[in-house]
Amino acid sequence: MCGIVGYVGKKRVVPVIIDGLKRLEYRGYDSAGIAVCGNGEGLQIRRAEGKLRNLEEVIRLKPLDGTYGIGHTRWATHGRPTEENAHPHRDCTGRVVVVHNGIIENYVVLKKKLIEEGHKFSTETDTEVIAHLVEKYYLKRSNGSRPSLEEAVRKAVGQLSGVFALAVIAVDEPNKIVAARNGPPAARHSLSHPRSFLSR
Ligand code: GLU
C-alpha cells in the first residue's frame, strides 16, 4: 500500500510533503518521489529507490521549491522498484504529473492504444497510462480554449478500471491538485493546512 500526499499553501511545500510521507511510512514502500511546481521553473521532480532518507538526500543535493506539490511512497505492483518507476510520472509534455495508489487493471490495452496515438512511455508502470490519458484530454481545442485539469482527469479516470486513488498537478493550473479515487476513500487529514491531504 503506497501513500499519497498533496499540499497547496504558504508553507514550504517540500518539508510538508516529506512530513506527510513519513507519517505514511508504516504502510511499507520500496521507493518514493515528489513533484513540486510554482516557482517559475516548471515541474520539478525528485525520486529515489528505497527509504525516504534516500529521497531526502536527493533533495539535499538538488533542492526544489514551489507553492504546490504531490508526493508518493510506492509499493510496486507493475514494474521493478527502481528510481525510474518511482512516482510521480509525467506525460509527454512534462507539464502534467501523476501519483497513484492501486492498480489499473486495463493498463495494457490503454498503453497499446496510447502508443499507437504517438505517446512515449518511459516506465514499466501501470500508472504512466494515467499521465498520458490526462495529457490526451487536456489538449487545447481547435478554438484555442482548453479543458480544465479536473475535466481532463475526469475523462481519464472514466477510461480506467481497478481500485485506485490518484492525484494530479499541472504547470498550467497553478496551486491546484486534482484527486480522484475508485474504491476505498482517500482520507483527508489536515497536516498543517486545510488543503493538504493524505490518501489511504
Ligand atoms: N501500481 C502502481 C505501481 O506499481 C502503484 C503501486 C502503489 O500503490 O504503490 O507503480
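All values derive from a computational prediction rather than experimental measurement.

So, how was this worked out
- Each chain has its residues counted from 1, following the order in which its sequence is written.
- Thresholds applied to this predicted model are a pLDDT of at least 70 for local features of residues and 80 or more for the giving and counting of side-chain atom pairs; totals over whole chains, interfaces and linings are not thresholded and use all residues.
- With hydrogens and water stripped out, all remaining heavy atoms of the structure feed into the side-chain values.
- What makes a nonpolar core is a set of buried Ala, Val, Leu, Ile, Met, Phe, Trp, Tyr and Cys residues whose side-chain atoms join them at distances within 4.5 Å.
- Three labels apply to residues, based on accessible area from a 1.4 Å probe with only protein chains included: buried if under 20% of the type maximum, exposed if over 50%, partly exposed otherwise in between.
- Runs of H or I in DSSP of at least four residues are treated as helices and runs of E of at least two as strands, each being numbered from the N terminus.
- Throughout, a residue-residue contact means that at least one pair of heavy atoms, one from each residue, lies within 4.5 Å.
- One heavy atom within 4 Å of a molecule or strand is enough for the residue carrying it to be called near that molecule or strand.
- Here a polar contact is recorded for every N or O atom pair within 3.5 Å, except that within protein the pair must consist of a potential hydrogen donor and a potential acceptor, and residues adjacent in sequence are included only if both atoms are side-chain atoms.
- Just to be clear on terms, a salt bridge is a Lys or Arg side-chain nitrogen sitting within 4 Å of an Asp or Glu carboxyl oxygen.
- What the arc measures is the spread of directions leading from the helix axis to the C-beta atoms.
- Each pair of aromatic rings taken from Phe, Tyr and Trp, with Trp reduced to its six-membered ring, is defined by centres within 6.5 Å and is described as stacked if the planes are under 30 degrees apart, edge-to-face if over 60, and tilted in the remaining cases.
- Any Lys NZ or Arg CZ found within 6 Å of a ring centre and within 35 degrees of that ring's normal is scored as a charge over the ring.
- Two residue types count as positive, namely Lys and Arg, and two as negative, namely Asp and Glu; His and chain ends fall outside the count.
- Note on scores: pLDDT gives the predictor's confidence for each residue, bounded by 0 and 100.

All right, on to the nonpolar core then. Val134, Val153, Leu160 and Leu166 are the most contacted members of the largest nonpolar core, which has 26 residues in total. Within the residue set of this core, elements represented by two or more residues are strand 6 (96-102), helix 3 (107-116), helix 4 (128-138), helix 5 (149-158), strand 7 (164-170) and strand 8 (178-182). No other element matches the 7 residues that helix 4 contributes to this core. In this structure leucine 166 touches Ile4, Val99, His100, Ile130, Val153, Val157, Leu160, Val178, Ala179 and Ala180, once residues within four positions along its chain are discounted.

Neighbouring residues of the ligand: 14 residues in total, closest Arg74, Thr77, His87, Gly102 and Asp126. Contact distances for the ligand include 2.6 Å between a nitrogen atom and a side-chain N or O atom of threonine 77. A distance of 2.8 Å separates a nitrogen atom of the ligand from a polar atom in the backbone of glycine 102. Looking at the shell around the ligand, the elements with two or more residues in it are strand 4 (68-74) and strand 6. Here the shell around the ligand takes 3 residues from strand 6, the largest share from any one element.

Attention now goes to the pattern of salt bridges. Inspection of the entire model under this criterion finds 12 salt bridges. The salt bridge partner of glutamate 56 is lysine 22, with a shortest N-O separation of 3.0 Å. One end of the pair, glutamate 56, is in helix 2 (residues 52-61); the other, lysine 22, is in helix 1 (residues 13-23), and 34 residues separate them in sequence. A residue is classified by how much of its surface remains accessible, and glutamate 56, at 30% relative accessible area, is partly exposed. Residue lysine 22 is classed as partly exposed on the basis of its relative accessible area of 38%.

Our focus in this paragraph is the environment of serine 31. Assignment of secondary structure puts serine 31 in strand 2 (residues 31-37). Between the alpha carbons of serine 31 and threonine 73 there is a distance of 5.9 Å; along the sequence they are 42 residues apart. The contacts of serine 31, once residues within four sequence positions are left out, are Ala48, Glu49, Gly50, His72, Thr73, Arg74 and Ala86. A distance of 2.9 Å separates polar atoms of two side chains, one belonging to serine 31 and the other to aspartate 30.

The set of residues buried in helix 5 consists of Leu149, Ala152, Val153, Ala156 and Val157. Along helix 5, the residues classed as buried sweep out an arc of 130° about the axis, all on the same side. Turned more than 90 degrees off the buried face of helix 5, the exposed positions are Arg154 and Gly158. Where helix 5 is buried, its residues contact helix 4, strand 7 and strand 8.

Here the focus is the packing of aromatic side chains. Within this structure, the stated rule accounts for 0 aromatic pairs. Note that arginine 146 overlies the ring of tyrosine 138, its terminal NZ or CZ placed 4.0 Å from the centroid.

Now for the side chain of lysine 111. Structurally, lysine 111 can be placed in helix 3. Here lysine 111 sits buried without a salt bridge, and the closest side chain of opposite charge, glutamate 128, lies 5.6 Å off (N-O distance). If sequence neighbours within four positions are ignored, lysine 111 has contacts with Phe121, Thr123 and Val129.

Attention now moves to unusual backbone geometry. Across residues other than glycine, the phi torsion is negative in most instances, and most of the peptide bonds are trans. For the bond running from histidine 87 to proline 88, omega is 0°, close enough to zero to count as cis. Position of proline 88 relative to the elements: it lies in the loop between strand 4 and strand 5 (89-90). The phi angle at asparagine 175 is positive, at roughly 55°, despite the residue not being glycine. Mapped onto the elements of the fold, asparagine 175 is located in the loop between strand 7 and strand 8. Its relative accessible area of 33% is what places asparagine 175 among the partly exposed residues.

A few words now on the confidence of the model for the protein. Averaged over all residues, the pLDDT of the protein equals 92, while 91% of them reach at least 70. Low pLDDT (under 50) marks residues 190-200, which in the prediction has 51 contacts with non-local residues, meaning those over four places away or in another chain.

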